[in-house]
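Examination of the molecular architecture
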Amino acid sequence: MSKRPPGTAADRAMAALADRQDGVFAGWQLPEAARDPYAIRHRLRTRRLRRLHHGVYAYGHRRLTPNGHRLAGALAYGPTAVVSHRSAAAIWELMQTSQTRIDVTVPGTSRRSRKGIRVHRVRRLDPEDVTVVDGVPVTTVTQTLLDLATEANRNRMRRAIEQADRSGRLDLAALRRA
């Protein structure tokens, strides 16, 4: 929980949103009254906000969790972006990674990678390939395994599938259909 926010409606909105989302939020998520660019700049200057990515902020002085960083990466690309590939595999505990960049999949073709984020573009994200884990939009286990197959070596892939199976998250029928 963050410290009790100062009395303005903008501060309360920012703090409430950050409390629900591992300490982070995107400007586009705020109510219109709290989206005032002056209010954001003022809170950045007074260090109530910390810019993580363009339009994405951490509220207060808290240390972010790995999921907070992952969510911030997805929020940087808007409401249709999801955490994917190795970052999703870490969420699902399919593999450990020392990768510091966040993998994000975005529908469409016009998005470029930003510092700390690796963007994967798809024409569209099917709703059945996306879910939410601990507040983070993420590809499903099946989609994550398919994404990993494009970049992981055979041994890492085998271990990820075995881990999905051990954890009870492997849907072999869905994997075959995909």
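Keep in mind it's a predicted model, so treat the numbers as computed, not measured.

This next bit is on the nonpolar core. Y77, W92, L94, V104, V138, L145 and L148 are the most contacted members of the largest nonpolar core, which totals 35 residues. No other element matches the 4 residues that helix α3 (residues 66-75) contributes to this core. Excluding anything up to four places from it in sequence, L94 contacts A89, V141, T144, L145, R159, A160, Q163 and A164. Of all hydrophobic cores here, the second largest spans 13 residues; its members include A13, A15, A18 and Y59.

Another aspect to go through is the pattern of salt bridges. When charged atoms on two side chains of opposite charge get close, those side chains can pair. Taken as a whole and assessed by the stated rule, the structure comprises 7 salt bridges. Ionic pairing is found between D11 and R43, a salt bridge with its closest N-O pair at 2.8 Å. Of this pair, D11 sits in helix α1 (residues 9-20) while R43 sits in helix α2 (residues 37-45); the two residues are 32 residues apart in sequence, bridging distant segments of the chain. Note on D11: relative accessible area 0%, which makes it buried. One salt-bridge network, held together by shared partners, links R86, D103, R118 and E151.

What follows concerns the packing of aromatic side chains. Inspection of every chain in the model, using the stated rule, returns 1 aromatic pair. Seen in terms of ring centroids, F25 and Y57 are 5.8 Å apart; in terms of plane orientation they differ by 45°. Their pairing is tilted. Taken as a pair, F25 in strand β1 (residues 24-26) and Y57 in strand β3 (residues 56-59) lie far apart in primary sequence, 32 residues in all. On the basis of relative accessible area, Y57 is assigned to the buried category, the value being 7%. Sitting over the ring of Y77, R114 keeps its end group 4.7 Å from the ring centre.

Pairing geometry for strand β2 (residues 49-53) and β3, over 4 bridges, is antiparallel. Bridge pairing in β3 places R51 opposite Y57. Turn length for the β2-β3 hairpin, with the two strands adjacent in sequence and antiparallel, is 2 residues, and the turn residue G55 shows positive phi of about 80°.

Okay, α3 next. With respect to burial, α3 is a largely interior element, 8 of its 10 residues being buried. All of the buried residues in α3 are N67, G68, R70, L71, A72, G73, A74 and L75.

Even without glycine at this site, H85 takes up a positive phi of about 50°. The topology assignment puts H85 in helix α4 (residues 85-91). The buried category is assigned to H85, whose relative accessible area is 7%. Phi at D134 takes a positive value of approximately 50°, unusual for a residue other than glycine. With respect to the secondary-structure elements, D134 resides in the loop between β7 (130-133) and β8 (136-139).

With that settled, the discussion passes to the sheet that holds β3. Strand order in the open sheet formed by 3 strands is β1-β3-β2, with antiparallel pairing between adjacent strands. The open sheet terminates on both sides in strands that have one partner only, identified here as β1 and β2. Strand-to-strand, the axes of this sheet are offset by a mean angle of 35°, without reference to chain direction. α1 contacts β1, β2 and β3 of the sheet and is inclined by roughly 120° relative to β1.

What counts, and at which threshold
- Residues numbered from 1 in each chain as written.
- Predicted model: local features only at pLDDT ≥ 70, side-chain atom pairs only at ≥ 80, totals over all residues.
- Heavy atoms only, no water.
- Core = buried A, V, L, I, M, F, W, Y, C linked by side-chain atoms within 4.5 Å.
- Buried < 20%, exposed > 50% of the residue type's maximum accessible area, 1.4 Å probe, protein only.
- Helix = DSSP H or I, 4+ residues; strand = E, 2+ residues; numbered from the N terminus.
- Contact = heavy atoms within 4.5 Å.
- Salt bridge = Lys/Arg side-chain N within 4 Å of Asp/Glu carboxyl O.
- Phe/Tyr/Trp six-rings, centres within 6.5 Å; stacked < 30°, edge-to-face > 60°.
- Lys NZ or Arg CZ within 6 Å of the ring centre and 35° of its normal.
- Pairing = 2+ DSSP bridges.
- Axes fitted to C-alpha atoms, helices over the stretch in contact; angles between N-to-C directions.

By themselves, these are just geometric observations and shouldn't be taken as functional.
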